[in-house]
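The primary structure of each chain is shown beneath.
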Amino acid sequence: AAGVIQSPRHLIKEKRETATLKCYPIPRHDTVYWYQQGPGQDPQFLISFYEKMQSDKGSIPDRFSAQQFSDYHSELNMSSLELGDSALYFCASSAPGAIYEQYFGPGTRLTVT
Amino acid sequence: AQSVTQPDIHITVSEGASLELRCNYSYGATPYLFWYVQSPGQGLQLLLKYFSGDTLVQGIKGFEAEFKRSQSSFNLRKPSVHWSDAAEYFCAVGALRSGYSTLTFGKGTMLLVSP
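The shown structure was predicted, so the numbers you read here are calculated from the model rather than taken from an experiment. (Residues numbered from 1 in each chain as written. Chains lettered and ligands numbered in written order. Predicted model: local features only at pLDDT ≥ 70, side-chain atom pairs only at ≥ 80, totals over all residues. Heavy atoms only, no water.)

K.L.:
I keep staring at the pattern of salt bridges and nothing clicks. Help me out?
P.N.:
Pairs can form between side chains of opposite charge once their charged atoms are near each other. Residue and element names in this part refer to chain A. Inspection of the entire model under this criterion finds 10 salt bridges over all chains. Glu75 is the salt-bridge partner of Lys22, the closest N and O atoms lying 4.0 Å from each other. Here Glu75 lies in strand 8 (residues 74-78) and Lys22 lies in strand 3 (residues 19-24), a separation of 53 residues in the sequence. The partly exposed category is assigned to Lys22, whose relative accessible area is 31%. Of the residues examined, Glu75 reaches a relative accessible area of 14% and is grouped as buried. (Salt bridge = Lys/Arg side-chain N within 4 Å of Asp/Glu carboxyl O. Helix = DSSP H or I, 4+ residues; strand = E, 2+ residues; numbered from the N terminus. Buried < 20%, exposed > 50% of the residue type's maximum accessible area, 1.4 Å probe, protein only.)

And the structure:
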């Protein structure tokens with residue numbers, strides 16, 4: 001079965017640079033969620049999109065922005081990167097009417113040096 | 001606001017022994033509860049979920065969990081642990097915010113399996 005695809009899987013950036021993470025949800029899933037998992041931490045909800053509109057916002061820094069496109073893929077844009085942004089970034093998706101059942105991608109490991 | 005507590009940071013179990021991982025939640029309404037497993041460097045895999053109905057839910061890989069409203073708990077169990085079960089386990093509660101669901105995770109329990 002198709003799963004959530006995230007790219008790239010690994011990314012190394014320097015402080016103050018920008019990064020773009022991509023997420024391709026499971027086909028026919030219309031809701032996308034982004035989570036950030038710091039080293040040794042639990043995943044923290046950042047932001048979600050439903051039908052290309054932002055549906056909810058968690059602890060996402062103002063330096064980050066995200067959007068969902070017409071094909072339902074989503075991109076997380078991160079600017080002015082800081083060392084503390086180093087983390088595993090997960091994307092999850094859910095099917096119409098099944099918002100409580102989120103399927104996670106493998107994650108993008110971002111390292112800021 | 002909802003919260004999840006996993007009291008055990010690490011648990012070591014002998015292969016073939018039974019396992020119980022504890023999870024307590026705090027949520028004002030009927031919770032939607034989940035257990036996810038994460039292998040090192042990997043994503044989160046859904047093991048099982050509770051929405052309503054039968055309080056004992058079966059999941060993949062031989063895991064089960066029991067919802068106990070009176071104790072605000074959703075403990076994960078497996079009768080016989082295999083070495084491949086070594087991973088980190090996260091309990092999560094789903095809550096509606098602005099009409100859409102978000103997941104709040106516990107801090108995780110790292111399961112170590114000894115020979």
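Still more ground to cover, so stick around.
K.L.:
Looking at this model, I keep getting lost on the state of the cysteines. Mind explaining?
P.N.:
Simply put, disulfide is the name for a covalent bond between the sulfur atoms of two cysteines. Residues and elements named next belong to chain B. In total, this model carries 2 disulfides over all chains according to the counting rule given. Disulfide pairing places Cys23 opposite Cys91 at an S-S distance of 2.0 Å. Since a negative S-S torsion denotes a left-handed disulfide, the Cys23-Cys91 link at about -65° is left-handed. A residue pair is termed long-range when its members are at least 10 positions apart, and Cys23 in the loop between strand 3 (19-21) and strand 4 (24-26) and Cys91 in strand 10 (residues 87-97) qualify at 68 residues. Each member of the pair Cys23 and Cys91 is classed as buried. (Disulfide = S-S within 2.5 Å.)

K.L.:
Please explain the interface of chain B and chain A as it appears in this structure.
P.N.:
Note on interface size: it is often stated as the accessible area lost on association of the parts. Contacts between chain B and chain A engage 25 residues on the former and 23 residues on the latter. Summing the contributions of chain B and of chain A, the shared interface buries around 2000 Å²; its carbon and sulfur component is 57%. Seen at the junction of chain B and chain A, the total is 2 salt bridges. With a shortest N-O distance of 3.0 Å, Asp42 of chain A and Lys107 of chain B are connected by a salt bridge. Between chain B and chain A we count 5 residue pairs in polar contact (both at pLDDT 80 or more) in total. Counting residues per element, the ones that place at least two in the side of chain B that touches chain A are strand 5 (32-38), strand 6 (44-50), strand 10 and strand 11 (100-105) of chain B. (Contact = heavy atoms within 4.5 Å. Buried area = accessible area lost by both parts, 1.4 Å probe. Polar contact = N/O pair within 3.5 Å; in protein donor to acceptor, adjacent residues only side chain to side chain.)

K.L.:
Looking at this model, I keep getting lost on the sheet that holds strand 7 (residues 64-68) of chain A. Mind explaining?
P.N.:
All names here are of chain A. With antiparallel pairing, the 4 strands of this open sheet are ordered in space as 1-3-8-7. Only two strands of the sheet have a single neighbouring strand rather than two, namely strand 1 (5-7) and strand 7. Here the average twist between neighbouring strands, direction ignored, is 15°. Looking at chain direction, strand 7 and strand 8 are connected through 5 bridges and run antiparallel. Directly across from Gln67, in strand 8, lies its bridge partner Glu75. (Pairing = 2+ DSSP bridges. Axes fitted to C-alpha atoms, helices over the stretch in contact; angles between N-to-C directions.)

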